[in-house]
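In case you want the letters, here they are:
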Amino acid sequence: MSGPSIARILLVVAVLATVPLLTTSNAVLNFLVVTLMIALVAQGWNVLGGYGGQYSFGHAAFFGTGAFVTAVLQARYGVNAWAAFVAGMAGSALIGALIGAITFRSGLRGSYFALVTLAFAEVLRILASVAPITGAGVGTLVALDLRPQSFQFQTRAPFYWIVLALLAVSFLVVRMIEGSRFGAWLVAVRENEDAAKALGINPFRVKLAAMTISAAIAGAGGGFYVQYFLFIDSGIAYGPWISIEALLAPIVGGIGTVFGPLLGALAVKALGEGTKLLAGDAPGLDLVIYGCVLILIVAFAPNGIAGLLLKARQRLVLPKDLQPGRSDG
Amino acid sequence: MLSPVILLPAVLNGLLTGAVYALVALGLTLIYGVLHIVNFAHGALLSAALFAAFFAYRLLGLDPYLAIFLLTPLFFVLGYLLQRFVIGPAAHGEDRNILLVTLGLAVIIENALLYAFRADTRTVDLPYGFTVLDFGIAFLAVPRVIGFCVALVVALALWMILNLTDTGKAMRAVAKEKLGAELSGIDVGHIYAVTFGLGTACLAIAACLLLPTYYVNPQVGNGFVLVAFTIVVLGGMGSVAGSLIGGLLIGVVESLSGLFLGESLGQIGIFVIFIMVLLFRPSGLFGERA
């Protein structure tokens, strides 16, 4: 495991933290806040999918649970926003553990695991669209109260720093997992579950732990969404859009790496904005270009941006005859 | 509530809907069974097929049932080309890349439709669109009965292609053991593309059957795909008979849970079955093994 050092992670975070000092443009900050929020959810996906090899198509289940618990506790029970946020993460972790326990207990892997997570997210979406507690079809509004103690701010900069801090914590958590015995078990399960079992690892417990951590991180993204937009409904919370964003960013950025989700989220979101500029007002055209570029990225950079960077660095550092061939592995 | 006067028509209507679901699922199960990929572009391709059938009627005056003979070969070729020149080369044979490429294709198709035709929902007015027949026990819409029959015929035809032709034999060989098939001289790339083409052709037929009673918009296909995934898993991934029976079953379940739980909760029955099957019998009703 040769991930980035703690010092380098802190350096990256420190550099990112200066952005609100350099610009006061609401458009730029809004873009970055949403991008970092996606990166956070994607980091959650990365723990389970990147390190554990379990591709979830339904991380909306965790994002949405975090969001709804945060919103409903405030709107209906008057709970403090910060406490509600923490409860949202806990609720999300609980749902993650529950779904994990059910699916891993029955030995679902690969496409089957992907499909069952998708189905759980859909069940939650349908339930949330009719249950009175979530506001059914109308959704839940959080009352406007622009004070730091209720996790609401006058400007975007504090939101930016908070989501950056959450992301920084997720970087450190993932880095710790990388260097730990648990991380080694997780990678062993990803590479060959039967071999891992033969070595005395309990794949069920390892995957369950990874799913719980993964869900808690994604839930934090959901809770943050609620505080930033002050509204949530079943389509946003449990809709397929967030499940797709969560897996797109790490795969584009570099799966199973600390910075992959952030790189991927920045690239995907910048691509989205760029195509929007290019296509102007025509509805749909921006996403057509987006889809084309996505396919081109997959075709020419199958190991993500992190893979490209690694290859470039090896080309610079290693003499020509020591360079590894193309790893299509 | 439980009187047969209400239950029986609900079951029959469920069967009629289920047959078209089965057709969409047949395409998906074929692609999954042979290529072992989850095709995310399936829903977008169904939307595209519905638009094609719509414009075949509007511009060429072609009746949807006649359009089957034009659109099925067209979509076979489209599917063949997509797999041969886009999905295959771009994915480098890795699962996660195939996932991304089909996702990218779905985004492209759906939004190209949105760009070209806007988000408006369209319908066609056919003279027989609202004709019903009295079957003694229930009144059934004629277009849906026709859809049911054609779907059964298509399933039979697919089964025959798979079991009685050389191409079908090659497809089954590739599905079972890709390397072995390649070593015995089968052109795997070609077989993959044929399979994808057949799966896409199923969508063209489904679209023509749906058009008389359904509506068209750029997102319309997505609603079918999750249901189709359920059917594929229920029937056993890669099984033609499983898809057909799974489709009929899901149609009935949806119809009945809609009747008892109300319209908005109607689909929940489907997903509960889906999760139950995945947990307790992931190989499905007719699958060989997980």
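Residues numbered from 1 in each chain as written. Chains lettered and ligands numbered in written order. Predicted model: local features only at pLDDT ≥ 70, side-chain atom pairs only at ≥ 80, totals over all residues.

### Side note on the overall build of chain A
Line of reasoning, step 1. If you tally the helices and strands in chain A, you get 15 helices and 2 strands.
Line of reasoning, step 2. For chain A, the C-alpha radius of gyration of 20 Å lies close to 20 Å, the compact-globule estimate for 329 residues.
Line of reasoning, step 3. Along the three orthogonal principal directions, the C-alpha set of chain A runs to about 65 × 50 × 40 Å.
Line of reasoning, step 4. Across the 329 residues in chain A, those meeting the buried criterion constitute 50%.
Line of reasoning, step 5. Long-range contacts, defined here as pairs at least 24 residues apart, represent 76% of the contacts in chain A between residues at least 6 apart. (Helix = DSSP H or I, 4+ residues; strand = E, 2+ residues; numbered from the N terminus. Rg over C-alpha atoms; globule rule 2.2 N^0.38 Å. Buried ≥ 20, exposed ≤ 12 C-beta atoms within 10 Å, placed from the backbone. Contact = placed C-beta atoms within 7 Å.)

### Topic: the overall build of chain B
Line of reasoning, step 1. Secondary structure assignment for chain B yields 11 helices and 2 strands.
Line of reasoning, step 2. For chain B, the N- to C-terminal ordering of α and β elements is α-α-α-α-β-β-α-α-α-α-α-α-α.
Line of reasoning, step 3. Taken against the 2.2 N^0.38 rule, which gives 19 Å for 290 residues, the C-alpha radius of gyration of chain B at 19 Å falls within 12% of a compact globule.
Line of reasoning, step 4. Per-residue burial over chain B gives 53% buried out of 290 residues.
Line of reasoning, step 5. In chain B, 75% of the contacts between residues at least 6 apart in sequence involve partners at least 24 apart.

### Concerning the interface of chain B and chain A
Line of reasoning, step 1. Each partner contributes to the interface: chain B provides 34 residues, whereas chain A provides 33 residues.
Line of reasoning, step 2. Breaking the side of chain B that touches chain A down by element, the ones donating at least two residues are α3 (64-91), α4 (95-117), α9 (222-235) and α11 (268-280) of chain B.
Line of reasoning, step 3. Examining the composition of the side of chain B that touches chain A, we find that 13 residues originate from one element, α4 of chain B, more than from any other.
Line of reasoning, step 4. Across the side of chain B that touches chain A, the residue classes break down as 26 nonpolar, 6 polar and 2 charged. (Nonpolar A, V, L, I, M, F, W, Y, C, P; charged D, E, K, R; others polar.)

### A short note on the packing of helix α2 (residues 42-60) of chain B against α3 of chain B
For any two helices packed against each other, the geometry is given by the interaxial angle and the distance between the axes.
Residues and elements named next belong to chain B.
Line of reasoning, step 1. With their axes 10 Å apart at the nearest point, α2 and α3 run at an angle of 130° to one another. Between α2 and α3, the angle falls in the class oblique. Crossing angle aside, the handedness with which α2 passes α3 is right-handed. Between α2 and α3, the residues in contact are Ala49, Ala52, Ala53, Ala56 and Tyr57 and Pro64, Ala67, Leu70, Leu71 and Phe75, respectively.
Line of reasoning, step 2. When the residues that make up the contact of α2 with α3 are grouped by side-chain class, the tally is 10 nonpolar, no polar and no charged. (Axes fitted to C-alpha atoms, helices over the stretch in contact; angles between N-to-C directions. Parallel < 35°, antiparallel > 145°, perpendicular 65-115°, else oblique. Left-handed = near helix turned anticlockwise from the far one by under 90°.)

### Quick word on the environment of glutamine 54 of chain A
Residue and element names in this part refer to chain A.
Line of reasoning, step 1. Here glutamine 54 shows up in the loop between α3 (26-51) and α4 (60-77).
Line of reasoning, step 2. Accessibility expressed as a C-beta count within 10 Å gives 26 for glutamine 54, which makes it buried.
Line of reasoning, step 3. Contacts of glutamine 54, omitting those with residues within four sequence positions, involve Leu48, Gly49, Phe113 and Lys207.

### Focus: the packing of α3 of chain A against helix α13 (residues 260-279) of chain A
All names here are of chain A.
Line of reasoning, step 1. It is the contact of α3 with α13, at a shortest axis distance of 8 Å, that shows an interaxial angle of 135°. In terms of their interaxial angle, α3 and α13 are classed as oblique. Of the two possible hands of crossing, α3 and α13 adopt the one that is right-handed. Residues Phe31, Thr35, Ile38, Ala39, Ala42, Gln43, Asn46 and Gly50 of α3 touch α13, and the partners they reach there are Gly260, Pro261, Leu262, Gly264, Ala265, Leu266, Lys269 and Glu273.

### A word on helix α7 (residues 156-179) of chain A
Side chains that are three or four residues apart share a direction in an α-helix, a result of its 3.6 residues per turn.
All names here are of chain A.
Line of reasoning, step 1. For α7, with 24 residues, the first-to-last C-alpha span of 35 Å sits near the 34 Å given by 1.5 Å per residue.
Line of reasoning, step 2. For α7, the set of buried residues is Phe159, Tyr160, Val163, Leu164, Leu166, Leu167, Ser170, Phe171, Val174, Ile177 and Glu178.
Line of reasoning, step 3. Along its buried surface, α7 packs onto α1 (6-17), α2 (19-22), α3, α8 (181-191), α10 (203-229) and α13. (Expected span 1.5 Å × (residues − 1).)

### Points about the nonpolar core
Line of reasoning, step 1. Membership of the largest hydrophobic core comes to 208 residues, with the highest contact counts inside it found for Ala49, Ala53 and Ala207 of chain B.
Line of reasoning, step 2. Residues in contact with alanine 207 of chain B, not counting those within four places in the same chain, are Leu46, Ala49, Leu50, Ala52 and Ala53 of chain B. (Core = buried A, V, L, I, M, F, W, Y, C linked by C-beta atoms within 7 Å.)

### Considerations on the confidence of the model for chain B
Line of reasoning, step 1. Here chain B averages 87 in pLDDT, while 98% of its residues score no lower than 70.
Line of reasoning, step 2. The ipTM value of the predicted complex is 0.81, and its pTM value is 0.85. (pLDDT = per-residue confidence, 0-100.)

### Points about the environment of isoleucine 37 of chain B
Residue and element names in this part refer to chain B.
Line of reasoning, step 1. Within the secondary structure, isoleucine 37 is located in the loop between α1 (4-35) and α2.
Line of reasoning, step 2. Between the C-alpha atom of isoleucine 37 and that of threonine 102, which follows or precedes it by 65 residues, the distance is 9.4 Å.
Line of reasoning, step 3. Apart from the residues within four sequence positions on either side, isoleucine 37 is in contact with Ile31, Tyr32 and Ile98.

### Describing unusual backbone geometry
Residues and elements named next belong to chain A.
Line of reasoning, step 1. Located in the positive-phi region is alanine 136, a residue other than glycine, with phi close to 45°.
Line of reasoning, step 2. Along the chain, alanine 136 turns up in the loop between α6 (110-128) and β1 (140-141).
Line of reasoning, step 3. A residue is classified by how many C-beta atoms lie within 10 Å of it, and alanine 136, with 15 of them, is partly exposed.
Line of reasoning, step 4. Backbone geometry at phenylalanine 151 places phi at a positive 60°, although glycine is not the residue there.
Line of reasoning, step 5. Tracing the chain through its elements places phenylalanine 151 in the loop between β1 and α7.

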